[in-house]
Amino acid sequence: MSDLEVCPFDAPLGAEIRGVDISKPLSPSAVETIRTAWHDHLVLLFRDQDMSDAQHFAFTAQFGTLDYPPELLLAIAAGEVRVEDEPMAINVISNVIENGKPIGVLGNGEAFWHSDSTFVEIPPAASLLRSLEVPDSGGDTYFMNMYQALETLPDELRQAIKGKSSKHDAAYSSSGKRRPQFTELDPSKSAGPIHPLERTHPDTGRKSLYLGRRLGSYIVGLPLDESEDLLNRIWAHVTEGDFIWAQQWRVGDLVWWDNRCAMHRRDAFDPNVRRTMHRTQLAGDRPY
Ligand code: OGA
Ligand code: MN
């Protein structure tokens, strides 16, 4: 008998999974229950998990193929490193500085609404973020149900995006920091993969809005000012909507989100307290 329990939140998305130690190999039925919960609830929270990076990788690998952290995905896309040569790496999200060097990315500032690594042709299907050290307050992470964001889009906007795609520029990180290797400032001219604004989830068959991030975004085929105007109206709809669940972190939490049909953002926090997370990714799939 398994004690595994799926406890949906009273929110537009998210569920806590209880009664399972995810540092150990799962039974096939536990894998299927968790996979189904992931598809149904988009974001899963596992609390009080004490695990190593190796166990974090092993947990993730039971659900698909591991994918690389963003900076490595970019280096692979640019042909700077060969996949065959790259060992899988944990993605460190941290504001901690050791010996004058940041041990991770994103610092202590706000991270704007985004889906992870949509600036590559095949973005990750999921990210799994595990907390190692957290502040007492601040640094909450918010998740948005992008199925609902699409379903509630006013008719006029739904028509306006029909058949349209957008370019997902890699120039800005989710904290708005510019990556120096990207120099083109005009979003209509910059490089980046094209993804449909409305995408179909390969496992659930449901359609969701797929935006990536606002900075550097461009709707293909429109004059830049029209693209900006349409993007502003879409983003106003999603950010004013109520499709959100918020995670207040405790040490030992692991939060797993579906990167295809959920977006996330993070609050800023006190720069003098330490916050460190380790993240794995599951590889994505094409066609949509
Ligand atoms: C991420 C991310 C949010 C956070 O890991 O992809 O955006 O809470 N981090 O640090
Ligand atoms: Mn992210």
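Residues numbered from 1 in each chain as written. Chains lettered and ligands numbered in written order. Predicted model: local features only at pLDDT ≥ 70, side-chain atom pairs only at ≥ 80, totals over all residues. Heavy atoms only, no water.

Colleague: Just give me the short version of the overall build of the chain, but keep the residues and values in it.
Modeller: Helix and strand counts for the chain come out as 6 helices and 20 strands. For the C-alpha atoms alone, the extent of the chain along its principal axes is close to 55 × 45 × 40 Å. When the 288 residues of the chain are sorted by exposure, 50% land in the buried category. Look at the contacts in the chain between residues 6 or more apart in sequence, and 80% of them connect residues 24 or more apart. For the chain, the accessible surface area stands at approximately 13000 Å², while carbon and sulfur atoms represent 51% of it. If you average the places of the 29 positive and of the 42 negative side-chain charges in the chain, the two averages end up 3 Å apart. (Helix = DSSP H or I, 4+ residues; strand = E, 2+ residues; numbered from the N terminus. Buried < 20%, exposed > 50% of the residue type's maximum accessible area, 1.4 Å probe, protein only. Contact = heavy atoms within 4.5 Å. Areas by Shrake-Rupley, 256 points an atom, 1.4 Å probe, with all protein chains shown as cover. Lys, Arg positive; Asp, Glu negative; His and termini not counted. Charge placed at Lys NZ, Arg CZ, Asp CG, Glu CD.)

Colleague: Explain the coordination of the manganese ion (ligand 2) to me, using residue names and the numbers behind them.
Modeller: The protein atoms donating to the manganese ion (ligand 2) are His-114 (NE2), Asp-116 (OD) and His-264 (NE2), with metal-donor distances spanning 2.1 to 2.2 Å. On the primary sequence, the residues serving as donors to the manganese ion (ligand 2) are separated as H-x1-D-x147-H. Linking His-114 in strand β9 (residues 111-114) with His-264 in strand β19 (residues 262-266), this pair joins segments that are 150 residues apart in sequence. Comparing His-114 with His-264 shows no difference in burial state: the two are buried. (Donors = N, O, S within 2.8 Å, 3.2 Å for Na, K, Ca; no water.)

Colleague: Tell me about the packing of aromatic side chains, and name the residues and values.
Modeller: This model, assessed by the stated rule, comprises 8 aromatic pairs. Measuring from ring centre to ring centre gives 5.5 Å for Phe-46 and Phe-59, while their planes differ by 75°; the resulting arrangement is edge-to-face. Of the two residues, Phe-46 is situated in strand β3 (residues 43-46) and Phe-59 in helix α2 (residues 53-61); the sequence distance between them amounts to 13 residues. Relative to Trp-257, the ring of Phe-143 lies with its centre 5.2 Å away and its plane at 50°, an arrangement referred to as tilted. Of this pair, Phe-143 sits in strand β11 (residues 141-145) while Trp-257 is found in strand β18 (residues 254-258), placing the two residues 114 residues apart along the sequence. The same class applies to Phe-143 as to Trp-257, namely buried. (Phe/Tyr/Trp six-rings, centres within 6.5 Å; stacked < 30°, edge-to-face > 60°.)

Colleague: Which residues make up unusual backbone geometry, and what are the values?
Modeller: One non-glycine residue, Leu-42, lies in positive phi territory at about 75°. Tracing the chain through its elements places Leu-42 in the loop between α1 (28-41) and β3. What makes Leu-42 buried here is its relative accessible area of 2%. A positive phi angle is found at Ser-117, which is not glycine, with a value near 50°.

Colleague: Explain the sheet that holds β9 to me, using residue names and the numbers behind them.
Modeller: On the basis of which strands lie adjacent, the open sheet formed by 4 strands has the order β9-β19-β11-β17 and antiparallel pairing. The open sheet terminates on both sides in strands that have one partner only, identified here as β9 and β17 (244-247). Each adjacent strand pair in this sheet contributes to an overall mean axis angle of 15°, direction not counted. Relative to β17, β11 is paired through 4 bridges, and the arrangement is antiparallel. Within β17, the residue paired with Phe-143 across the bridge is Trp-245. (Pairing = 2+ DSSP bridges. Axes fitted to C-alpha atoms, helices over the stretch in contact; angles between N-to-C directions.)

Colleague: Explain the site of ligand 1 to me, and be specific about the residues and the numbers.
Modeller: In the region of ligand 1, the neighbouring residues are Ile-93, Leu-106, His-114, Asp-116, Leu-129, Thr-141, Trp-257, His-264, Arg-266, Arg-275 and Arg-279. Here an oxygen atom of ligand 1 and a side-chain polar atom of Asp-116 are 3.0 Å apart. Arg-275 is positioned such that a nitrogen or oxygen atom in its side chain is 2.7 Å from an oxygen atom of ligand 1. Its free accessible area being 290 Å², ligand 1 has 99% of it covered by the protein chains. (Near = heavy atom within 4 Å. Polar contact = N/O pair within 3.5 Å; in protein donor to acceptor, adjacent residues only side chain to side chain.)

Colleague: Give me the lowdown on helix α3 (residues 70-77), citing residues and values where you can.
Modeller: By the burial criterion, the buried members of α3 are Pro-70, Leu-72, Leu-73, Leu-74 and Ala-75. Residues of α3 that are buried sit in contact with β4 (66-67), β5 (91-94) and β20 (276-282). The first or second residue beyond α3 is Gly-79, which carries a positive phi of 75°.

Colleague: I'd love a proper account of the sheet that holds strand β12 (residues 165-167), names of residues and values included.
Modeller: Ordered by their spatial adjacency, 3 strands build an open sheet running β13-β12-β16, and the pairing between neighbours is antiparallel. Two strands in the sheet have a free side with no partner beyond their single neighbour: β13 (194-196) and β16 (218-219). Relative to β16, β12 runs antiparallel, the two being bridged by 2 bridges. Residue pairing across strands places Ser-166 opposite Ile-219, the latter belonging to β16.

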